[in-house]
Amino acid sequence: MGSTGSIGCQALEVIDIHSDMYEAYVLTANNSVDRLIAQARRYRPEVVVIANETHYDEVKSALSDLPIKVYAGEEALCQVIQDDNVDIVLASMVGFAGLRPTISAIKAGKVIALANKETLVVAGELITRLAAEHRVPILPVDSEHSALFQCIEPGNRIEKILLTCSGGPFRTFTHSQLSKVTKSDALSHPTWNMGAKITIDSATLMNKGFEVIEAKWLFGVTPEKIQVIVHPQSVIHSMVQFEDGAVKAQLGMPDMRLPIQYAFSYPRRLPAPFGRVDFFQMKDLTFEKPDAERFRCLQLAYEALRQGGNMPCIVNAANEIANRAFIEDRISFTRISEIIEQSMGHIAFSGASELEDLLETDHRTREYATSLID
């Protein structure tokens, strides 16, 4: 799900490397018509789904000479991933749009390789309950959560999760400098190659805030046991501290193909032609505390996690609206966190966690956040 995005494209590279083991059965995209068509012609999946139904005729016509089934819309996506031939679903759609298809895949008993962090941010309680009911493993694809997954020792109690963070391109900026940054500045991440939305989230540290929420649901720890550490070199992807004080870290090059491949092959490790850490070339590994005053989004995510209920859903919806507005040059960089905080104070809190409640919260929050911009 989301084959044309950064994670989806890198997942197809992993399939290329291990074409004797894996094949793409379903490819999906939202609006990236040309790339989806090119992928379909190369990988020859059984099914292609374009979520934006206005592009259906174009995709259907472009693939008419191939025996590929073409569908459109969210309902079609939710149905095709339940096909008996699907073994694992890579959930790499961006934002709230990934929630319902992921729920559909879980109910169909599919292994979930989760790259869409918003799914757990918005509906962590619901997703973890459904995964337990249907006995579906959720294998994290985020580099940090994959690292934690690899470090955790079943049966040994976690004292603290140490979630590393590059700090983004504005790590050393003052608040005054942050108010003047441009879209082009924010899209230049120092270590990772990602899509536009997640790159902006990384610059505000909202991406790290989302990862804090995600870690709570993946690993069953309280917010107080999750500590964010700024590590600009992005070599240590995250660490686990156990109750005896021992710390286990997972290191690797900043290459998303590694956690993608590990989710595909778990519990096995497969050979891969990715880069290796060269310790003799490594001059420094540095660590800093994140500045919650300059990067307010991280603190807002912690606050939402502590409140629970629909508050993380409010944060996610407001962030998606503000993130898009910044990319479209309609608001300043520092206005993003302000819109999120205003939305948290305006939208009614609810402890309900069922899908319909979350859909309503998402809708109301988007309307309100949009009104703060227009």
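Residues numbered from 1 in each chain as written. Predicted model: local features only at pLDDT ≥ 70, side-chain atom pairs only at ≥ 80, totals over all residues. Heavy atoms only, no water.

Once that is clear, we can look at the sheet that holds strand β10 (residues 247-251). Ordered by their spatial adjacency, four strands build an open sheet running β8-β7-β9-β10, and the pairing between neighbours is mixed. The outermost strands of the open sheet, each flanked by one partner alone, are β8 (226-230) and β10. Pairwise comparison of adjacent strand axes, ignoring direction, gives a mean angle of 20 degrees for this sheet. Here five bridges tie strand β7 (residues 158-165) to β8, and the two strands are oriented parallel to one another. Directly across from Ile161, in β8, lies its bridge partner Ile226. Packing of helix α7 (residues 143-151) onto the sheet brings it into contact with β7, β9 (236-242) and β10, and relative to β9 it is tilted by some 40 degrees. In the packing of helix α11 (residues 206-219) onto the sheet, the strands contacted are β7 and β8, and the crossing angle to β7 comes to about 150 degrees. (Pairing = 2+ DSSP bridges. Helix = DSSP H or I, 4+ residues; strand = E, 2+ residues; numbered from the N terminus. Axes fitted to C-alpha atoms, helices over the stretch in contact; angles between N-to-C directions. Contact = heavy atoms within 4.5 Å.)

Counting residues in each nonpolar core, the largest one holds 52 residues, and the members touching the most others are Ile336 and Ile340. By residue number, the principal contributor to this core is helix α14 (residues 311-327), which donates nine residues. Discounting residues that sit within four places of it in the chain, Ile340 has contacts with Met206, Cys297, Leu300, Val315, Ala318 and Asn319. Counting residues in hydrophobic clusters, the runner-up holds 33 residues, among them Ile50, Leu66, Ala115 and Met256. (Core = buried A, V, L, I, M, F, W, Y, C linked by side-chain atoms within 4.5 Å. Buried < 20%, exposed > 50% of the residue type's maximum accessible area, 1.4 Å probe, protein only.)

It is worth spelling out the pairing of β10 at this point. Of the pairings in the sheet, the one linking β9 to β10 comprises five bridges and is antiparallel in character. Opposite Gln241, over in β10, you have Val247 as the bridge partner. Hairpin geometry of β9 and β10 is characterised by an intervening segment of four residues between the two adjacent antiparallel strands and by a positive phi of about 95 degrees at Gly245.

For the rest of this paragraph, the subject is the layout of surface pockets. Quantified by volume, the second largest pocket comes out at close to 580 Å³. Lining of the second largest pocket is provided by 28 residues; of these, Glu23, Ala24, Tyr25, Ile88 and Leu90 occupy positions nearest its centre. Put simply, the parts of the chain that give the lining of the second largest pocket at least two residues each are α1 (6-17), β1 (26-29), β4 (88-91) and α12 (257-265). Of the residues forming the lining of the second largest pocket, the biggest block, four residues, is contributed by α1. Split into classes, the residues belonging to the lining of the second largest pocket amount to 20 nonpolar, six polar and two charged. (1 Å grid on protein atoms, 1.4 Å probe; cavity = no way out; pocket = protein on both sides within 12 Å on 5 of 7 lines; lining within 4 Å. Points joined across faces, edges and corners; volume = space filled by probe spheres on them. Nonpolar A, V, L, I, M, F, W, Y, C, P; charged D, E, K, R; others polar.)

Counted residue by residue, α7 has eight buried out of nine residues, so it is predominantly covered. Along α7, the positions that sit buried rather than exposed are Ser143, Glu144, His145, Ser146, Ala147, Leu148, Gln150 and Cys151.

For the rest of this paragraph, the subject is the pattern of salt bridges. Tallying each qualifying case throughout the model produces 26 salt bridges. Glu46 is paired through a salt bridge with Lys69; the nearest N and O atoms lie 2.8 Å apart. Taken together, the residues span a long stretch of sequence, with Glu46 in the loop between α2 (33-43) and β2 (47-50) and Lys69 in strand β3 (residues 69-72) at a distance of 23 residues. On the accessibility criterion, Glu46 (31% relative accessible area) is partly exposed. A salt bridge links Glu224 to Arg306; the shortest N-O distance between them is 3.8 Å. (Salt bridge = Lys/Arg side-chain N within 4 Å of Asp/Glu carboxyl O.)

By the element assignment, Arg157 lies in the loop between α7 and β7. Those residues in contact with Arg157 that lie beyond four places of it in its chain are Phe242 and Glu243.

Spatial strand order, β4-β5-β6: three strands in an open sheet with parallel pairing. The two strands at the open ends of the sheet, each matched to only one other strand, are β4 and β6 (138-140). Sheet twist, expressed as the average angle between the axes of neighbouring strands with direction ignored, equals 25 degrees. By the bridge criterion, three bridges tie strand β5 (residues 111-114) to β6 in an arrangement that is parallel.

This part covers empty space enclosed by the protein. Counted according to the given criterion, the structure contains one cavity of 30 Å³ or more. If you go around the largest cavity, you meet ten residues; those closest to its centre are Ser143, His237, Gln250, Leu258 and Pro259. At the level of secondary structure, the elements contributing two or more residues to the lining of the largest cavity comprise α7 and α12. Considering each element in turn, the lining of the largest cavity owes the most residues, three residues, to α7. A breakdown of the residues in the lining of the largest cavity according to their chemical character gives four nonpolar, five polar and one charged.

Along the chain, Tyr266 connects to Pro267 via a cis peptide bond; the corresponding omega equals 5 degrees. Non-glycine residue Ser234 carries a positive phi angle of around 55 degrees. Its place among the elements puts Ser234 in the loop between β8 and β9. Given the relative accessible area of 6%, Ser234 is considered buried. A positive phi angle, near 65 degrees, is found at Asp329, a position not held by glycine. On the accessibility criterion, Asp329 (55% relative accessible area) is exposed.

Viewed as axis vectors pointing N to C, helix α6 (residues 118-133) and α11 meet at an angle of 20 degrees, and their least axial separation amounts to 8 Å. Considering the angle they form, α6 stands roughly parallel to α11. In the crossing of α6 with α11, the sense of the turn from one axis to the other is left-handed. Along its contact with α6, which presents Glu118, Leu120, Val121, Gly124, Glu125 and Thr128, the element α11 presents Phe210, Ile213, Glu214, Trp217 and Leu218. Residue composition of the contact of α6 with α11, grouped by class: six nonpolar, two polar and three charged. (Parallel < 35°, antiparallel > 145°, perpendicular 65-115°, else oblique. Left-handed = near helix turned anticlockwise from the far one by under 90°.)

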